[in-house]
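One letter stands for each residue in the lines below.
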Amino acid sequence: MNPVINSNIAVSVRNISKHFGGGKELVKALDGVSIDISDNEFFTLLGPSGCGKTTLLRLIAGFELSTVGEIFLYDEEIENLPPHKRSINTVFQHYALFPHMTVEENVGFGLRMLNRDPTEIKRRSMETLELVKMDQFANRKPVQLSGGQQQRIALARALAPEPKVLLLDEPLSALDLKLRQAMRMELKNLQRETGITFIFVTHDQEEALTMSDRIAVMSAGKIQQVGGPMDIYERPINRFVADFIGDSNFLQAKIESVLDNQANCLLSDNFSICTSLVGTHPTGSTVTLAIRPEKIKLNDESTLRGDIQETVYLGTDTNYIIKLNDSTTITVRDQNGVTGDARYSKGQSVGLHIPDSSVRMLAD
Amino acid sequence: MELPRRNPVTRRWLALSPAIVVVSIFMILPMIILLVFSFMEADPYGGVDPGFTTEAYVQILYERDFDDLLIFDPVYLNIIGRSVLLALLATIGCLVLGLPVAYFIARQSSRTQSLLLYLITIPFWTNLLVRTYAWILLLSSDGVIEQPLKFLGVIDESLDMMYTNGAVAVGLIYSYLPLMVLPIYASLEKLDFRLIEAAHDLYADRFRVARYVIFPLAAPGIVAGCILVLVPSLGAFIAPDLLGGGKKLMLGSLIQVQFASARNWPFGSAVAICLLALVMMMLMYQARIASKRRRETGD
Amino acid sequence: MAKKKIYKIGDYPGLTGWTVFFFAYLYMPMIVLVVYSFNESRRAQIWKGFSLDWYVKAFSNDDIQSAALNSLIVAVIATVFATVISTLAALALARGRQFRGQAAVTGLISLPLVVPEIATAVATLSFFAVIGFKLGLVSIIIAHTVFCIPFAFLPIRARLQGMDDAYEQAASDLYANDWQTFRYVTLPLMMPGVVAGAMLAFIISIDDFIITLMVSGAGSTTLPLYIYGMIRQGITPEVNVISTVMLVLSIIFITVYWFVSKKAEETG
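Residues numbered from 1 in each chain as written. Chains lettered and ligands numbered in written order. Predicted model: local features only at pLDDT ≥ 70, side-chain atom pairs only at ≥ 80, totals over all residues. Heavy atoms only, no water.

(A) Looking closely at the overall build of chain C. A count of helical and extended segments in chain C gives 11 helices and zero strands. Listing each helix as α and each strand as β along chain C from the N terminus yields α-α-α-α-α-α-α-α-α-α-α. Compactness check: chain C gives a C-alpha radius of gyration of 24 Å against a globular reference of 18 Å for 268 residues, more than 25% above the reference. Projected onto its principal axes, the C-alpha positions of chain C cover 85 × 70 × 30 Å. Burial statistics for chain C: of 268 residues in total, 59% are counted as buried. Here chain C has roughly 12000 Å² of accessible surface; of this, 66% comes from carbon and sulfur atoms. Chain C carries 18 positive and 16 negative side-chain charges, and their two centres are separated by 9 Å. (Helix = DSSP H or I, 4+ residues; strand = E, 2+ residues; numbered from the N terminus. Rg over C-alpha atoms; globule rule 2.2 N^0.38 Å. Buried < 20%, exposed > 50% of the residue type's maximum accessible area, 1.4 Å probe, protein only. Areas by Shrake-Rupley, 256 points an atom, 1.4 Å probe, with all protein chains shown as cover. Lys, Arg positive; Asp, Glu negative; His and termini not counted. Charge placed at Lys NZ, Arg CZ, Asp CG, Glu CD.)

Right under this line is the structure:
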């Protein structure tokens, strides 16, 4: 068990499984998960609650032990190290600021436990507090701070010991919308400034898409897809990812012919779409195509036609629920005109244009 | 390579051991000894003599005449009966007094709630002997209650309130009232007030709201409160002793007397075992109700 | 103008009056006791006039002083033992995973709460008789420690259960080892619970009568035992005085306890 030395990998999770309970009650929180997280990366674990993302984070932090598998931090195996011997710090979901200590004592706690020199602790604590713009609150107690301020202190506390990796467990979930949006930018900047690898857990896709260098989408204890924000959004690999990130239409189509790995698929009204073949679907089989609602254009010349069943006003856009001639329903998102009026109304028959490049064949 | 993390199981049992050892040796073991004593022969000078006999239990129901024949003697049965009756009376008294108050408190603002709860817990934590003694001042002839009544000419002679079953009941209610209010309050405090609004909305008047919504939801608290009052009332010593004047013996006094002046340890042990059995039965009943309720409500 | 009849939902007629009556019943005996401790008359329940004489008399009584000292010795030692034992047990039960036997251990610790006091009293007496232990202050201290354990245990466990274990995880995440985590995080945070538990244990010990009565020996009279003896001999204002003093001390104590536990709630 001597891994290949690759210093670009900050955290390497290899074939980790974590089971809770036993017998009939057995829950597989993580089921054979492997990922490599690069040095200096903003990496996000994204998924619905119960998908195993927080469990994975807690395993990396050392609060839980895995059932099987190994975790490496810069090529050192850390599975047998307790949390206090791992150069990894966590920003807790509800911050977990020590209520009996001042802000400064909270921030200095890690360095104190590392037996650093008191003057260094003081200097470093104040430095970190300045970094998160909280230096004027050094002598306050956590209860005297607002949620957003507590959030900054939690961040400072985790950054002060200069860990190799910073774990963030849905740190923005307790903040209100405006503050949350502002903090996104700040977190991203902080990550660039400090050069520390961030592993960020969230169930909020917008958060994940705006901040991350790479995202791992998780579901049911497994990694569904790993990739950059654009990869994940534009090229979802399976139905779960396409459905979880943004909105998608799922259309059944029949593969007519395959040429150079390009499949020609037939939809309703014999409308044909050409897209890359994903997986091992043979000619003549039925596949699922995912199409984002905003990529479909309403165009009367198109041969693919349907009736508008419902219109839903969304402010900037209008969603049209359209029933195609083969009875499948499809949602189209269309930008409203300058006066805010919807361009079509309920009951109208329309043509739909689906660009080939907007369609993605799903592996499952 | 770092050693695997230390096994927390050893540490846990190490931390638990002082409590387990102390309670086992000084609580469980004495109970077992008490059980053994109840099957031994009495030593006329106190304590026990070796030898197995069920005499102590027989003695609860029968008396031996000069020919060693067993004659049914209800004197101890009377004491047990009186204890059970007075304990039930005290429980009902506490319930009647305490239930409306628990509801009243649960409806106040959280500041007022905490103040009223504080006022209820004060008597509970003050010395029971002292509190019961205060009732002597109130109830005795020419006491604080009778004096003004005599002065106003309402009564001419003493009401003789002391040394009666009534006095004991008042003392018992007074002793354990907080134990009734607190659990009922705890279950009412969790009650979602919207349920009461919903019941009114569905045409229930306030008494039917009480009957069909408040009482059923307060039931776990009421059962817990009743057990909490019933158990110590059964074995009470101070109230019957001070306010019943030794004439109205209850189980607690009967047991105490056997170990002090009457000096029949096996008999005292047997009565104590009977009391314990009674109490355990009630606690098991309550545990069953509580677990049934938990299953039903699914918490 | 006609008064508008307001139908207050959830309100019942007479509820406030009943509550007032309830509190009158709860407090009247105590108020009478305090008032009559200033009675000049030799007969405790007949009011003659205001006087502090009985206070002077009670405080200069050597027997009362030694009984009070005994009570204090017993309560302090029993409290220390019970609190240390309960703290360890609460840490083991409220921290870490659930385990087999957890309910059994909790039940065992709470046992002194459910067994009628008189049964505990005679059982403990029998136990001391069997092992031939001489009755005195030591036997009282042992008995008090046992029944004080659940009273100290419950607030400490409640405090620990109310404490998010994220604090301890945060400490160990920030390089504190097990001992440092306990020393700098768990202990300071659980302290209000420990103080509350110790105070409860202390007051329960000071107040105990029936168990103390059974396991005390010559020269180990505590304050409640002394008061009981005096009441048996006939009630005098001196009893009122000691009773009042005990009452007031209990109220002060429980008030402090109340504030400690409220503060604990706020910070927790």
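Continuing now.
(B) How the structure looks around the sheet that holds strand 8 (residues 197-202) of chain A. Residues and elements named next belong to chain A. The strand order 6-7-8-3-9-10 describes an open sheet built from six strands, whose pairing is mixed. The open sheet is flanked by strand 6 (88-91) and strand 10 (222-227), the only strands paired with a single partner. The sheet shows a mean angle of 20° between the axes of neighbouring strands, direction not considered. Relative to strand 9 (residues 214-219), strand 3 (residues 42-46) runs parallel, the two sharing four bridges. Following the sheet pairing, Leu-46 is matched in strand 9 by Val-217. Strands strand 6 and strand 7 (165-169) of the sheet are contacted by helix 4 (residues 147-159), whose axis makes an angle of about 175° with strand 6. (Pairing = 2+ DSSP bridges. Axes fitted to C-alpha atoms, helices over the stretch in contact; angles between N-to-C directions. Contact = heavy atoms within 4.5 Å.)

(C) Local environment of the sheet that holds strand 1 (residues 9-20) of chain A. Residues and elements named next belong to chain A. Strand order across the open sheet formed by four strands is 2-1-4-5, with antiparallel pairing between neighbours. The outermost strands of the open sheet, each flanked by one partner alone, are strand 2 (27-38) and strand 5 (76-77). In the packing of helix 1 (residues 53-61) onto the sheet, the strands contacted are strand 1, strand 2 and strand 4 (68-73), and the crossing angle to strand 1 comes to about 115°.

(D) Representation of the pairing of strand 8 of chain A within the structure. Residues and elements named next belong to chain A. With respect to burial, strand 8 is a largely interior element, six of its six residues being buried. Neither face of strand 8 is open: one carries Thr-197, Ile-199 and Val-201, the other Phe-198, Phe-200 and Thr-202, and all of them are buried. Judged from the five bridges that link them, strand 7 and strand 8 form a sheet pairing that is parallel. Across the sheet, residue Leu-168 finds its bridge partner in strand 8, namely Phe-200. In this region the chain leaves strand 7, passes through helix 5 (residues 177-194) and returns to the parallel neighbour strand 8; the handedness of that crossover is right-handed. (Right-handed = clockwise from strand over helix to strand, strands pointing away.)

(E) Broad picture of the domain arrangement of chain A. Residue and element names in this part refer to chain A. Domain boundaries in chain A define domain 1 (9-242) and domain 2 (247-361). Between domain 1 and domain 2, the contact holds eight residues from the first and nine residues from the second. Carbon and sulfur atoms make up 41% of the surface buried where domain 1 meets domain 2, a total of about 770 Å² over both sides. Broken down residue by residue, the surface that domain 1 buries against domain 2 is led by Tyr-233, Arg-239 and Ala-242, which jointly contribute 62%. Our count for the contact surface shared by domain 1 and domain 2 stands at one salt bridge. Here domain 1 is connected to domain 2 by six residue pairs in polar contact (both at pLDDT 80 or more). Every element with two or more residues in the side of domain 1 that touches domain 2 is listed here: helix 7 (229-234) and helix 8 (239-244). Looking at the side of domain 1 that touches domain 2 residue by residue, the classes come out as five nonpolar, no polar and three charged. (Domains from an automatic or database assignment. Buried area = accessible area lost by both parts, 1.4 Å probe. Salt bridge = Lys/Arg side-chain N within 4 Å of Asp/Glu carboxyl O. Polar contact = N/O pair within 3.5 Å; in protein donor to acceptor, adjacent residues only side chain to side chain. Nonpolar A, V, L, I, M, F, W, Y, C, P; charged D, E, K, R; others polar.)

(F) Seen up close, helix 6 (residues 137-162) of chain C. All names here are of chain C. Given a rise of 1.5 Å per residue, 26 residues ought to cover 38 Å, and the 37 Å separating the end C-alpha atoms of helix 6 matches this to within 8%. Considering bend angle alone, the principal kink of helix 6 is centred on Cys-148 and spans about 35°; proline Pro-150 follows within four residues of it. Among the 26 residues that make up helix 6, 19 are buried, leaving the element largely enclosed by the rest of the structure. (Expected span 1.5 Å × (residues − 1). Bend = angle between axes of the 7 residues up to and from the residue.)

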